[in-house]
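What the coordinates show
Here's the letter readout for the chains.
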Amino acid sequence: MVVCPRCYIQIQTAGDIYRCGECGYTAKTMNSIIIFEPDMAHDNRDYPQDGLHSLYKIENSHFWFLNRKEYIADLFDRYISKNNKIIEVGAGTGNVSNMLRSRGYSIAAGELHIEGLRMARGHGLCELYQFDIFNPPFREHFDTVCAFDVIEHFDNDTGALKKIHGMLKNDGQVIITVPAHRWLWNSEDVLARHKRRYDLKRIRSIFTASGFEIIETRHFFTFIIPLLFIRRFINRDMVEDRQHEIKINPVINGILYYITKLEFFLTRRLKPRLGGSISVVAMKVKS
Ligand SMILES: [Zn+2]
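Residues numbered from 1 in each chain as written. Predicted model: local features only at pLDDT ≥ 70, side-chain atom pairs only at ≥ 80, totals over all residues. Heavy atoms only, no water.

1. Examining the coordination of the zinc ion
Working reference: metal with six octahedral donors, ideal angles 90 or 180 degrees; metal with four tetrahedral donors, ideal angle 109.5 degrees. Filter applied, for reference: Counted as coordinating are nitrogen, oxygen and sulfur atoms within 2.8 Å of the metal, or 3.2 Å for Na, K and Ca, while water is not included, which may make sites look incomplete. Irregular is the label for any site that misses the other tests, which are tetrahedral for four donors with all angles between 85 and 135 degrees, and square planar for four donors or octahedral for six when opposite donors exceed 155 degrees and the remaining angles lie between 65 and 115. When a residue's accessible area, from a 1.4 Å probe over protein chains only, is under 20% of the maximum for its type it is buried; when over 50% it is exposed; and in between it is partly exposed.
The coordination sphere of the zinc ion contains the protein donors Cys-4 (SG), Cys-7 (SG), Cys-20 (SG) and Cys-23 (SG), at a distance range of 2.2 to 2.3 Å. Because the angles between the 4 donor atoms bound to the zinc ion fall within 100 to 121 degrees, the donor set is best described as tetrahedral. Donor residues binding the zinc ion come from one chain and are separated in sequence as C-x2-C-x12-C-x2-C. Under the relative-accessibility criterion, Cys-4 is labelled buried at 0%.

Here it is in C-alpha cells:
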C-alpha cells in the first residue's frame, strides 16, 4: 500500500493524485514524476548530485557499468519473476531500471534527486517516485526491491535495509550490490561519498539484523582486483584537485570489458572469495 510519509496512514491514490485524507499531505506531480519530498529533491547529503550528470555520460560506455548491468540481468533471470512488482531505490539516472524494463520486468524507479528521475524518464521509464529511503511512502507494496551501489552511501545502512524490509511484501526479495573489501578503499570511494566498503561478514550481519534471510552472497569484478588494488596508490593524491569525472582510455576500457565478461563466464558456477563488488539476494522474513 501507499502510505502518507507524514502520518503513515494509507493513501488512496487516483491516477497521479496522492493525497492523505487524514492530514491533507499531497504529493506533487511533475510530468509523471511523483514527488513525495520536494524539500529534499536537490539534497546532496549522501550523494554528489553532479555525479548524476557524469554518470549519465559514461553509463553506456564504461566497462564497469556495462558489466555490472550484465551481472544484474543474470541475477534477475535466476531469482526474480517477470510478474513481480519491482522498484529500484537510489535508481540514479534509471540506467539499470531501463535495462531491466527492456528485458520484460515491471520496474519503478525511486530516487531522492529529481534530476536523476528526469533522466530516467528520458530513458523511457514511466513509474517514477521521488522519496527519501528513510521515510518511504510504501508499506508491503513490492515483491522485489533492488538497490545497486546505494547503501554504502548511508551512515545508517542497517536503517536503510529495515526501510526496504518494510516496503516489501512477505517473502519479497531484495537484491543489492555494494563495493567490497576495506583494503580496496580508494579516492573514488571518497569522491563518491561512500561511507565504507563491505566484507561478507558485515553484509550478512546487517541483512540478518534487518529481518532478511540471505539466499546468496557473491563477489564479482574479481579479475580486475589487481587493478583496483593498484588504483589505491595511483589516485591517492587526486581527491583534492579532481572534479567528479570518470574517464577511461577507450582501449583499456574495451580490454577490461572483455576480461570481466570472461570472468563472469568462467566463474558462473563458482563463488569467488575476492571481488571489487558483492551482490546479495535475500528474502524478507515475515514481519
Ligand atoms: Zn497524512
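2. Description of the layout of surface pockets
Using the following cut-off: Here a cavity is any set of points on a 1 Å grid over the protein atoms alone where a 1.4 Å probe fits but cannot get out, and a pocket is any open set with protein on both sides within 12 Å along at least 5 of 7 lines; a residue lines the site when it has an atom within 4 Å of a point. Grid points are joined across faces, edges and corners, and a volume is the space filled by probe spheres set on the points. Each helix is a run of H or I in the DSSP string that is no shorter than four residues. Each strand is a run of E no shorter than two, and both are numbered from the N terminus.
Looking at the second largest pocket, its volume works out to about 210 Å³. Glu-70, Tyr-71, Asp-74, Arg-78, Arg-218, Lys-261, Phe-264, Phe-265, Thr-267 and Arg-268 are the residues that line the second largest pocket. Residue assignment for the lining of the second largest pocket shows that the elements contributing at least two residues are α2 (63–79) and α9 (250–266). When residues of the lining of the second largest pocket are assigned to their parent elements, the largest contribution, 4 residues, is made by α2.

3. Section: α2
The cut-off we apply is this: For a helix, the expected span equals 1.5 Å multiplied by the residue count minus one.
Counted at 1.5 Å a residue, the expected span for α2 with its 17 residues is 24 Å, and the 24 Å between its end C-alpha atoms agrees. Among the residues of α2, those classed as buried are Phe-63, Trp-64, Phe-65, Asn-67, Arg-68, Lys-69, Tyr-71, Ile-72, Ala-73, Leu-75 and Phe-76.

4. Thoughts on the domain arrangement of the protein chain
Note the threshold: Either an automatic procedure or a domain database provided the assignment from which the domain bounds are taken. Note on contacts: a residue pair is in contact if any heavy atoms of the two residues lie within 4.5 Å. Once two parts are joined, some of their accessible surface, as seen by a 1.4 Å probe, is lost; buried area is that loss totalled over both. For the purposes of these results, a polar contact is taken to be a pair of N or O atoms within 3.5 Å, where, inside protein, one atom must be able to donate a hydrogen and its partner to accept one; residues adjacent in sequence count only when each atom of the pair is a side-chain atom. As a working rule, the residues Ala, Val, Leu, Ile, Met, Phe, Trp, Tyr, Cys and Pro are called nonpolar, Asp, Glu, Lys and Arg charged, and the rest polar, with Gly in that last group.
On domain assignment, one finds that the protein chain holds domain 1 (1–30) and domain 2 (40–284). In this structure, domain 1 and domain 2 have C-alpha centres spaced 29 Å apart. Taken together, the 8 residues of domain 1 in the interface contact 11 residues of domain 2. Of the roughly 840 Å² buried at the junction of domain 1 and domain 2 (both faces included), carbon and sulfur atoms supply 47%. Summed over the three residues of domain 1 that lose the most area to domain 2, namely Met-1, Val-3 and Met-30, the buried surface amounts to 58% of that side. The tally of links between domain 1 and domain 2 comes to 6 residue pairs in polar contact (both at pLDDT 80 or more). When the residues that make up the side of domain 1 that touches domain 2 are grouped by side-chain class, the tally is 7 nonpolar, no polar and 1 charged.

5. Let's talk about empty space enclosed by the protein
Inspection of every chain in the model, using the stated rule, returns 1 cavity of 30 Å³ or more. For the largest cavity, the calculated volume is near 30 Å³. Listed by contribution, the elements that provide at least two residues to the lining of the largest cavity are α2 and α3 (95–102). If you tally residues by element for the lining of the largest cavity, the top one is α2, at 3 residues. Within the lining of the largest cavity, the residues separate by chemical class into 2 nonpolar, 1 polar and 3 charged.

6. Description of the packing of α2 against α3
Note the cut-off: For every element, the axis is a line fit to its C-alpha atoms; helices are fit only across the contacting stretch, and the angle between N-to-C directions ranges from 0 to 180 degrees. Our angle categories are set so that under 35 degrees counts as roughly parallel, over 145 as roughly antiparallel, 65 to 115 as roughly perpendicular, and the remainder as oblique. The crossing is said to be left-handed when, going from far helix to near helix, the turn is anticlockwise and less than a right angle, and right-handed when the turn is clockwise.
At a minimum axis separation of 10 Å, α2 and α3 run at an interaxial angle of 45 degrees. Here α3 runs oblique to α2, going by the angle between their axes. Both α2 and α3 take part in a crossing whose hand is right-handed. Across from Arg-68, Lys-69, Ile-72, Ala-73 and Phe-76 in α2, the residues of α3 making contact are Asn-95, Val-96, Met-99 and Leu-100. Here the contact of α2 with α3 is built from residues that sort into 6 nonpolar, 1 polar and 2 charged.

7. Focus on the sheet that holds strand β9 (residues 168–179)
Cut-off, in case you're wondering: By the convention used here, strands pair only if DSSP detects at least 2 bridges between them.
Read across the open sheet, the 9 strands follow the order β3-β4-β7-β6-β5-β8-β9-β11-β10; overall the sheet is mixed. Two strands bound the open sheet, and with one partner strand each, they are β3 (28–30) and β10 (212–220). Strand after strand, the sheet turns through a mean of 20 degrees between neighbouring axes, direction not considered. With 3 bridges connecting them, strand β5 (residues 85–89) and strand β8 (residues 142–148) associate as parallel partners. Looking at β8, one finds that Ile-87 is bridged to Val-145. In this fold α2 packs onto β5, β8, β9, β10 and β11 (277–284), with an angle of close to 145 degrees to the strand it touches most, β10.

8. Observations concerning the environment of Glu-70
Its place among the elements puts Glu-70 in helix α2. Judged by relative accessible area, Glu-70 falls into the partly exposed class, the value being 29%. Separated by 142 residues in sequence, Glu-70 and Phe-212 place their C-alpha atoms 25 Å apart. Those residues in contact with Glu-70 that sit more than four places away from it in its chain are Tyr-257 and Lys-261.

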